[in-house]
Every structure is written in C-alpha cells, then in structure tokens.
Amino acid sequence: MREDFIHYIWLYKKFDFSNLITQQGEPISIIHCGNYLQNAGPDFFNAQIVISNQKWAGNIEIHIKSSDWYLHHHEKDDNYNNVILHVVWQHDAPIFRKDNSEIPVLELKKYVASDELIKYQNLVAPKSWIYCEKQIKNVNEFVLSNWLERLFLERLERKSLPIQELLSETENDWEAVLFCLLAKNFGLNTNGDIFLKVAKSIPFSVIRKESLEVSYLEALLFGQAHLLPTNPEDQYVKELQSWFDYLVLKYKIKPILIEPIQFFKHRPDNFPTIRLAQFCMLYHLHRNLFSKIIAAESVVSIYKLFEVSVSSYWKTHFTFEKVSPKKEKYLSKAFIDLIIINTLIPIKFAYAKSLGKDESEQLIEWISHIVAEKNTIIDKFTFFGMEANNAFQSQALLQLKNEYCNHKKCLRCAIGLELIKN
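## Overview of the packing of helix 8 (residues 214-224) against helix 9 (residues 235-251)
Axis separation between helix 8 and helix 9 bottoms out at 8 Å; the angle between their running directions is 80°. Between helix 8 and helix 9, the crossing angle belongs to the class labelled roughly perpendicular. For the pair helix 8 and helix 9, contact is made by Ser-215, Tyr-216, Glu-218, Ala-219, Leu-220, Gly-223 and Gln-224 and by Tyr-236, Leu-240, Trp-243, Phe-244 and Leu-247, respectively. A class-by-class count of the residues in the contact of helix 8 with helix 9 yields eight nonpolar, three polar and one charged.

## As for the environment of Ala-219
For Ala-219, the location among the structural elements is in helix 8. It is 8.7 Å that separates the C-alpha atoms of Ala-219 and Asp-245, two residues lying 26 residues apart in sequence. When sequence neighbours within four positions are dropped, the list of residues in contact with Ala-219 reads Leu-228, Leu-240, Trp-243 and Phe-244.

## Thoughts on the pairing of strand 5 (residues 54-65)
Note that strand 4 (residues 44-51) and strand 5 share six bridges and pair antiparallel. Paired with Ala-47 across the two strands is Gly-58, which belongs to strand 5. Between strand 4 and strand 5, which pair antiparallel one after the other, the connecting turn spans two residues, and Ser-52 there sits at a positive phi close to 50°. In this structure, strand 5 lies alongside strand 6 (residues 83-90), joined through six bridges in parallel fashion. Residue Glu-61 lies in a different strand from strand 6, and its bridge partner there is His-86.

## So, the pattern of salt bridges
Applying the stated criterion across every chain, the model contains 13 salt bridges. Residues Asp-4 and Arg-2 are paired through a salt bridge, measuring 3.4 Å at the closest nitrogen-oxygen approach. For Asp-4, a relative accessible area of 14% translates into the label buried. Note that Glu-157 is salt-bridged to Lys-353, the shortest N-O span being 2.7 Å. Of this pair, Glu-157 sits in helix 4 (residues 141-169) while Lys-353 sits in helix 14 (residues 333-354), and the two are 196 residues apart along the sequence.

## Concerning the state of the cysteines
Under the defined criterion, the tally for this structure stands at zero disulfides. Between Cys-413, a free cysteine, and Cys-405, which holds the nearest cysteine sulfur, the sulfur-to-sulfur gap is 6.4 Å. The buried category is assigned to Cys-413, whose relative accessible area is 6%.

## Section: the packing of aromatic side chains
As enumerated under the stated definition, the model contains 31 aromatic pairs in all. Ring centres 5.5 Å apart and planes at 50° place the aromatic pair Tyr-8 and Tyr-12 in the tilted group. When the ring of Phe-186 is compared with that of Phe-335, the centres are 5.2 Å apart and the planes differ by 75°; the resulting orientation is edge-to-face. On the criterion of sequence distance, the pair formed by Phe-186 in helix 5 (residues 174-186) and Phe-335 in helix 14 is long-range, its members being 149 residues apart.

## With respect to empty space enclosed by the protein
By the definition in use, this model includes one cavity of 30 Å³ or more. Roughly 30 Å³ of internal volume is contained in the largest cavity. Lining the largest cavity, in full, are Phe-186, Gly-187, Leu-188, Asn-191, Phe-195, His-266, Asn-270, Pro-272 and Arg-275.

## Remarks on the layout of surface pockets
Rolled over the atoms, a probe as big as a water molecule pinpoints where empty space is left. Quantified by volume, the largest pocket comes out at close to 810 Å³. Lining the largest pocket are 26 residues, with Lys-159, Lys-184, Asn-185, Asn-189 and Asn-342 positioned closest to its centre. Those elements giving two or more residues to the lining of the largest pocket turn out to be helix 4, helix 5, helix 6 (188-201), helix 14 and helix 17 (391-405). By residue number, the principal contributor to the lining of the largest pocket is helix 4, which donates eight residues. Taken together, the residues of the lining of the largest pocket break down into 10 nonpolar, eight polar and eight charged.

## Comments concerning the packing of helix 1 (residues 3-11) against helix 3 (residues 114-124)
The N-to-C vectors of helix 1 and helix 3 enclose an angle of 135°; their axes lie 12 Å apart at closest approach. In terms of orientation, helix 1 and helix 3 fall into the oblique class. The chirality of how helix 1 crosses helix 3 is right-handed. When helix 1 is examined against helix 3, the residues Asp-4, Phe-5, Tyr-8 and Ile-9 are found in contact with a partner set consisting of Glu-116, Leu-117 and Tyr-120. Taken together, the residues of the contact of helix 1 with helix 3 break down into five nonpolar, no polar and two charged.

## Notes on the nonpolar core
Core analysis: the largest hydrophobic core is formed by 143 residues, its most contacted members being Trp-10, Leu-182, Tyr-283 and Phe-306. Beyond its immediate chain neighbours, meaning those up to four positions away, Leu-182 contacts Phe-279, Leu-282, Tyr-283, Leu-289, Phe-306, Ile-339, Thr-343 and Leu-344.

## Focus: helix 1
Within helix 1, seven of the nine residues are buried, leaving the element largely enclosed by the surrounding structure. Of the positions making up helix 1, those classed as buried are Asp-4, Phe-5, Ile-6, His-7, Tyr-8, Ile-9 and Trp-10. Taken from the residues just after helix 1, Lys-13 is the one with a positive phi, measuring 55°.

About the criteria used
The numbering scheme is per chain: residues are counted from 1 as the chain's sequence reads. It should be noted that, the model being predicted, local features are given only for residues of pLDDT at least 70 and side-chain atom pairs only at 80 or more, the latter also being counted only at that level, while totals for whole chains, interfaces and linings use all residues. The basis for every side-chain value is the complete set of non-hydrogen atoms in the structure, without hydrogens or water. With axes taken as lines fitted to C-alpha atoms, and helix axes fitted only over the stretch in contact, angles between N-to-C directions fall between 0 and 180 degrees. Strands are runs of DSSP state E lasting at least two residues, helices are runs of H or I lasting at least four, and both sets are numbered from the N terminus onward. Geometric relationships in this document are graded by angle, where less than 35 degrees denotes roughly parallel, more than 145 denotes roughly antiparallel, 65 to 115 denotes roughly perpendicular, and other angles denote oblique. Every residue pair with non-hydrogen atoms within 4.5 Å of one another is taken to be in contact. Here the term charged refers only to Asp, Glu, Lys and Arg, the term nonpolar to Ala, Val, Leu, Ile, Met, Phe, Trp, Tyr, Cys and Pro, and the term polar to all other amino acids, Gly among them. Only when DSSP finds a minimum of two bridges between them are two strands counted as paired. Salt bridges, as used here, are contacts in which a Lys or Arg side-chain nitrogen is within 4 Å of a carboxyl oxygen on Asp or Glu. The cut-offs for exposure are 20% and 50% of the maximum accessible area for each residue type, with area from a 1.4 Å probe on protein chains only; residues under the lower value are buried, those over the upper are exposed, and the others partly exposed. Here, two cysteine sulfur atoms that lie within 2.5 Å of each other are counted as a disulfide. When the centres of two rings from Phe, Tyr and Trp lie within 6.5 Å, Trp using its six-membered ring, the rings pair. Their planes under 30 degrees apart give stacked, over 60 give edge-to-face, and anything left gives tilted. Site definitions follow a grid-based scheme: protein atoms alone, a 1 Å grid, a 1.4 Å probe that fits but cannot get out for cavities, and for pockets an open set with protein on both sides within 12 Å along at least five of seven lines, plus lining residues having an atom within 4 Å of a point. Grid points are joined across faces, edges and corners, and a volume is the space filled by probe spheres set on the points. Whether a crossing is left-handed or right-handed is set by the direction in which the near helix is turned from the far one by less than a right angle, anticlockwise for left-handed and clockwise for right-handed. The nonpolar core is taken to be a set of buried Ala, Val, Leu, Ile, Met, Phe, Trp, Tyr and Cys residues, with the residues joined through side-chain atoms within 4.5 Å.

Following this line, the structure appears as structure tokens:
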C-alpha cells in the first residue's frame, strides 16, 4: 500500500461515504474533502466535516498507519495543529493534539470496494520498465493529448529555473543570459558545463564590443577554454594568443579553472573547437541576437538566423595546427533543432512569463514542426505503442518518464488515473 493511493481514494471520493464511523465510534459526514496541497504541511486544506452533529472546518492528514503521525514528527509541527481528521488505511495507535485531545481517525480500508484496490494493484504490479507499459497504448486520445500539453509546459517551467538564476547573475540582461545558454548548448552534454563556465567568465559587455572581429571572439573563447596551443607554430594561432593576452589585460578578465575539454567520442564536425568557432561566428554575424529571436515569427526564421559556418581558418582545420581538406562546416539542421528545443523555446517561454504573457500556443506550434528526438526513453515508449511524432511529444514523454514514471507518481498522472478509472 502506498500513501498516494489513499490520497487518490480521498480526492476522488472512491469510497462509500454514506455511513462513515470514526475509530472513536462517532458518525461522520463529509461536506468538502478539502483542497489537495501536494506540498509541505497537511495533505488536504480547508476541509469541512460533521462529527456527531458538530461541524468542523480545517485540515486533513492522510497516512498508511495512524502511528505514522509520530513517525513523521507531526506532533512537533505547528502546521498540523488544525488537523480535524486523520484519514488512515490502518488504525494502529491513537493520536493526540498538544492539548491532549484525541484527533478523530477514519480507517478508510473499511469503506473502499475491493475492485478499486485490485485496479490499483494491477497498475503498480512490477513491470519491465514502467507500471503502465502494457496499457498505455489504450489511453483515451483526448486525455493523452491534454496531458502531453501539460507535461510539455511543466518541462518548460523546469527549464526556466536556470534562466532565472542567470538573470539574477547578469542583472536581468537577457542578451547575456542567451549567450551563456547557447554556449552550454554548443558544448553538448560532454562539454556543456565547461562552455557555460567559459561564457560566464567573460562579461557580455566585452562580447558586444569585440564581436565586430570574429578573430577577437575566437581569441577570447579559445583562450579562456585553455584550447590555444602553447608555443604555436601557426601564424593565426600566434595572433589569437597575442590578442587574447591583450584583451585579458584590457578588460581585466580573470583566468578560470576548468576540466580539460573532451574530444573523445566526438565526430570531427562535433569537435569542441568547431562548435566554439561556429559559436563565435554566430555572435559576429548577429548583434542583438536575443531581440531577433524574440521577434522571430516562425521556426523557419530561426533556421535562417542560425545559418552560420566558421571563419576561414576553421574551414581547413578541425583542431589547431593540423590542416584538413576544406569544408564549410555549417550548423546542421539537427543541431539547430537541439538549440531550439533546449535553449530558444525555454528562453522565449521565460521572457513571455516575465512580461505576464502566455505564448504557450506559439511555442507548441514551433516545437511541433521539429522532428522527435531519438534516445532510449523515446525508443522504449515507441516499443510499448506510444510513438512520438514530433519534438513536442518527445519532450512531453521525457517529462513523463523522468518526473512521474521514475518516481512512481501514477496517481498524479492523467494516464494512471485514466487507466484506474477504466
């Protein structure tokens, strides 16, 4: 038995409440079950009940066993002083308030039909991956569609948290925040945190001033990332080192300690050197990039903004001082899709929210035009009949798996509730 099942039974009134009797032998009727809080404090707030013709208004706490009250130390927490009813699955001990008055207890298992319990046990029985893997493909399309939208917006809310942190660090400079987030995205999973640290170490005012010359941006970013070779033989690398030394002195930029940047397991087009070179070219070509992204009306216009290659040096190099056949090295559509999903849509969402606007429909439309991501989670959902047709659906399914399935929150999930109901 899990406590969230008792929450579900109480919230949706899945019990016979016609002739309820407390463990103290008093008749009880439910006027209002209360508001489900799902945070610190009692489980249901502002409930209304009648016990032996006495009307009570207050909070309701739910546990598997009565003794859990003491196990969770509620007797020491003033937030529980207003509890008017203790709803439990099994009553095993009397519970008292600070004034030594006993809290009425309702043992719920007496009033729950066996088929409700069987449906719950069938849902949460051990499976190979997630509890509902054998039933998920049968979920009502309308329920599923609304739930995926809710999941996607929840995921955006979660992704907006680091944006808020960066805003406070940059004194609400949205252009600087975008610069940092894009740097992290260009670093991919392997080097993203290192690229972010490099970006945060250079004041964005410096980037604004020096972006007229792409070589100055390369000097700053490659230098701060400790990627410039020592004792270089290549003339361009010597120039980068010289410019880096000058710019560090000019702007009093402090050196940073970072982990070595990883090349291992990356294809040459994904080498961190190439990604940094593309990143520098992006900021060389587009001043006020954040404003352009906010003004963009479609995904197509975003693709045009990110049609960037590399400087002439990097067209014949993948790493410093090692010449390779000439190649333009434009950002691929697949890489731009990752940028849109992981950086641009979250920052547009956060910016609209800061203005009190709701642009969720436009953002859903944008991401619906992007192909679904390919990873083990999406592959598993596909195997069990839940196929993602676009990035909107794949992002929602990632949120479902990571925030609900992994934590066994079936009874807070529209899919789990639908399956139990049917």
